[in-house]
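Residue-level structural notes
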Amino acid sequence: MARRIPRALWIALPLAYLLYFFRLDAVGMLGPDEPRYASIAREMARSGDWITPRLWGSPWFEKPALLYWMSGAAFRLGLGPDLAPRLPVALMAAGFLVFYWWILKREFGCRAAWLATFILGTCAGWFVFSQSGTPDLPVTATFSAAMLLAMPWIGRRDIRFLPAASAMLGFAVLAKSLPPLALAAPLALRWHWWRDLLHWRVVVPFVLVAVPWHALCYLRNGRVFIDTLFVEHQFGRFTSGALMHTQPRWYYLPVLAGLLMPWSPLLGRFPRRAAYRDVRRLFLLVWFLFGLLLFTISVNKLAGYVLPLLPAVAALMAVTLAEADSARPWLIGCAVALVVFPAAVPILPDAVANGLSRAPHPAFHWTWLLPAGVAAGVWVLEGRQKRLAATVLVAAGASVGMLYVKTAAAPELNRVGSARALWQEIAGRAGEVCVDNIDRRWRYGLNYYSVTPLPECSEQARPLRLVEAGGAPPHVE
């Protein structure tokens, strides 16, 4: 197996570059959230106030500060408006995979570690959120690092990594406040060792990381900080539909299948019951199932919420795959699932702009046949007992598919999903333009690229009006 490591590494490095860093700025800031978080980070970098998040001069307490600090540091280093919010997240996505391989190699062996790393690193969810300047990937990486560092303690009461796990859980709280603490409940599998978790060497790192910013922000801003961050956006998201992200109970079943593409067929090959006599595998399973239950119960549901479950699922898939006598049908299923990437290209811009349910059905294209070649390669490699090579072949196919999506869909996605092209069109005459009641995703994006928000026409009329009609991108009249 040692002879395979350099070969796998030489494959992993170019895949990581192509997936996470190539044309990272091909599309401008998308949706309402990404430009909003980027605006807050840029203001932190400009003002030097790293405590109070501010959106166009007003305090904004929906999320803690970790993402703002990451992006703000990138702004300070001189990165542009599209790279500064995204590059730190992409670096975290790639860096976590290195750690992921290392910890799984310690616990389950080299083969399972490589399989898990390729599965997680080339699944659609990890790729998509690595390209977005939002808190979903940072909270996933920090929370998952904490859980994985606790695994030696779960398995054999090895406490050496518990202080590091505690610190990483603190960073997860800085990324998204209370949800990581709730998701850490599977640590209770070792409830009879609870004194280990309360040792000062374990508690202090968490306190030093998580508490200072929350305390300082409260001291500067008072009760409104607590009410907004915790009451409205933590407990409120769980219990109230006021934020308008309500979804049916079954929502996360197709979402998880989509996030795991093209590896979703491996969900049918989970370990048998006897395998869970290994408490580490049971820990991974409970991590996944408890998180899925928690998010299913929550009133508000978004796809990114379940991203912290993917590292546990990928590890379970990999351990099962490494031990299976034959994995040919499952890996061929993954190869066939690669068709989702060319099929996504024509519908992705409409799906982002108007929602997946309103996107048109894709028409057949010859690129849909390419996964058949990957499936044939998997058949041959698995028949020769080269499972790692077969898995790498599917991972390479997924990487090519996602790269194709990134390049082919970028121009139209940039037009219908980002305000960057709109701002480039009106930047030379911005002093003559006012905004007439456009959707918030366009408003936040336009404000981000303009730096100084354009006035509302109702408040300050100008010769040119920016209007929106019929779901099309705004235009000047």
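Residues numbered from 1 in each chain as written. Predicted model: local features only at pLDDT ≥ 70, side-chain atom pairs only at ≥ 80, totals over all residues. Heavy atoms only, no water.

Comments concerning the overall build of the chain
When you go through the chain residue by residue, the secondary structure sums to 23 helices and 5 strands. Taking 23 Å as the expected radius of gyration for a compact globule of 477 residues, we find that the chain reaches 23 Å, a close match to that expectation. Expressed as lengths along the three principal axes of its C-alpha atoms, the size of the chain is roughly 70 × 60 × 40 Å. Across the 477 residues that make up the chain, the buried fraction comes to 55%. (Helix = DSSP H or I, 4+ residues; strand = E, 2+ residues; numbered from the N terminus. Rg over C-alpha atoms; globule rule 2.2 N^0.38 Å. Buried < 20%, exposed > 50% of the residue type's maximum accessible area, 1.4 Å probe, protein only.)

Some thoughts on the state of the cysteines
Cysteine pairs can be covalently joined through their sulfur atoms, and such a bond is termed a disulfide. Summed over the entire model, instances satisfying the criterion amount to 1 disulfide. Between Cys434 and Cys457 runs a disulfide, and the two sulfur atoms are separated by 2.0 Å. Negative torsions about the S-S bond denote left-handed disulfides, and the value of about 95° found for Cys434 with Cys457 makes this one right-handed. Of this pair, Cys434 sits in strand S3 (residues 433-435) while Cys457 sits in the loop between helix H23 (440-450) and strand S4 (464-467), placing them 23 residues apart in sequence. Overall, Cys434 belongs to the buried group, its relative accessible area being 0%. You can call Cys457 buried: its relative accessible area is 15%. (Disulfide = S-S within 2.5 Å.)

Description of the confidence of the model for the chain
Summary statistics for the chain give a mean pLDDT of 90 and a share of 96% for residues scoring 70 or more. Averaged pLDDT values over the elements of the chain bottom out at 76 in helix H1 (residues 4-21) and peak at 98 in helix H7 (residues 136-149). (pLDDT = per-residue confidence, 0-100.)

Some words on the packing of aromatic side chains
For the structure on display, the rule yields 22 aromatic pairs. Arranged with centres 5.9 Å apart and planes meeting at 65°, the rings of Trp153 and Trp193 form a pair that is edge-to-face. Taken together, the residues Trp153 in helix H8 (residues 151-156) and Trp193 in the loop between helix H10 (179-183) and helix H11 (194-197) connect sequence positions 40 residues apart. For the pair Trp153 and Trp193, one class covers both residues: buried. Each member of the aromatic cluster is reached from another via a ring pair, and the members are Phe96, Phe99, Tyr100, Trp102, Trp126 and Phe161. (Phe/Tyr/Trp six-rings, centres within 6.5 Å; stacked < 30°, edge-to-face > 60°.)

What about the side chain of Thr52?
Its location among the elements puts Thr52 in the loop between helix H2 (33-47) and strand S1 (54-55). Polar contacts involving the side chain of Thr52 include one to the side chain of Asn221, which spans 3.0 Å. Residues in contact with Thr52, not counting those within four places in the same chain, are Met44, Pro59, Phe61, Cys217, Arg220 and Asn221. (Polar contact = N/O pair within 3.5 Å; in protein donor to acceptor, adjacent residues only side chain to side chain. Contact = heavy atoms within 4.5 Å.)

A look at a nonpolar patch on the surface
A surface patch of nonpolar side chains, about 420 Å² in accessible area, is lined by Trp194, Leu198, Val203, Val207 and Val211. When residues of the nonpolar patch are assigned to their parent elements, the largest contribution, 3 residues, is made by helix H12 (residues 200-221). Structurally, Val203 can be placed in helix H12. In this structure Val203 comes out as partly exposed when scored by relative accessible area, which is 33%. (Patch = residues over 30% accessible without salt bridge, like charges linked within 9 Å, V, L, I, M, F, W, Y side chains within 5 Å. Areas by Shrake-Rupley, 256 points an atom, 1.4 Å probe, with all protein chains shown as cover. Salt bridge = Lys/Arg side-chain N within 4 Å of Asp/Glu carboxyl O.)

Quick notes on the pattern of salt bridges
What the rule picks out here adds up to 22 salt bridges. The residue Arg46 makes a salt bridge to Glu43 at a minimum N-O spacing of 2.7 Å. Here Arg46 pairs with Glu43, and both are found in helix H2, just 3 residues apart, close to one helical turn. Under the relative-accessibility criterion, Glu43 is labelled partly exposed at 22%. Residue Asp227 is joined to Arg223 by a salt bridge in which the shortest nitrogen-to-oxygen separation is 2.8 Å. Of this pair, Asp227 and Arg223 both sit in helix H13 (residues 223-239), 4 residues apart, which is roughly one turn of that helix.

Remarks on helix H20 (residues 370-383)
Spanning 14 residues, H20 covers 21 Å between terminal C-alpha atoms, matching the ideal 20 Å at 1.5 Å per step. Looking only at H20, the buried set comprises Pro371, Val374, Ala375, Gly377, Val378 and Glu382. Down the axis of H20, the smallest arc covering the buried residues is 160°, so these residues share one side. Turning to H20, the residues buried within the fold contact helix H17 (328-336) and helix H21 (387-417). A positive phi of about 60° marks Gln385, the residue just after H20. (Expected span 1.5 Å × (residues − 1). Arc of directions from axis to C-beta.)

Some details on the nonpolar core
Counting 149 residues, the largest nonpolar core has Trp263 and Leu446 as the members making the most contacts within it. Residue contacts for Trp263: discarding those within four places in its chain leaves Phe118, Ile119, Thr122, Cys123, Met317, Leu331, Cys334, Thr391, Val394 and Ala395. (Core = buried A, V, L, I, M, F, W, Y, C linked by side-chain atoms within 4.5 Å.)

Brief notes about the packing of helix H9 (residues 162-176) against H12
Think of two packed helices as two axes; the pair is described by the angle between the axes and how far apart they sit. Viewed as axis vectors pointing N to C, H9 and H12 meet at an angle of 20°, and their least axial separation amounts to 7 Å. As the angle between them shows, H9 and H12 are arranged roughly parallel. Of the two possible hands of crossing, H9 and H12 adopt the one that is right-handed. Side by side, H9 and H12 meet where Leu162, Pro163, Ser166, Ala167, Leu169, Gly170, Phe171, Val173 and Leu174 of the first sit next to Arg201, Val202, Val203, Pro205, Phe206, Val209, Ala210, Trp213 and His214 of the second. (Axes fitted to C-alpha atoms, helices over the stretch in contact; angles between N-to-C directions. Parallel < 35°, antiparallel > 145°, perpendicular 65-115°, else oblique. Left-handed = near helix turned anticlockwise from the far one by under 90°.)

Thoughts on the sheet that holds S3
Across the sheet, 3 strands lie side by side as S3-S4-S5; this open sheet has mixed pairing. For this open sheet the edge positions go to S3 and strand S5 (475-476), each flanked by a neighbour on one side alone. Pairing between S3 and S4: 3 bridges, direction parallel. When the bridges of S4 are listed, Cys434 appears paired with Arg465. (Pairing = 2+ DSSP bridges.)

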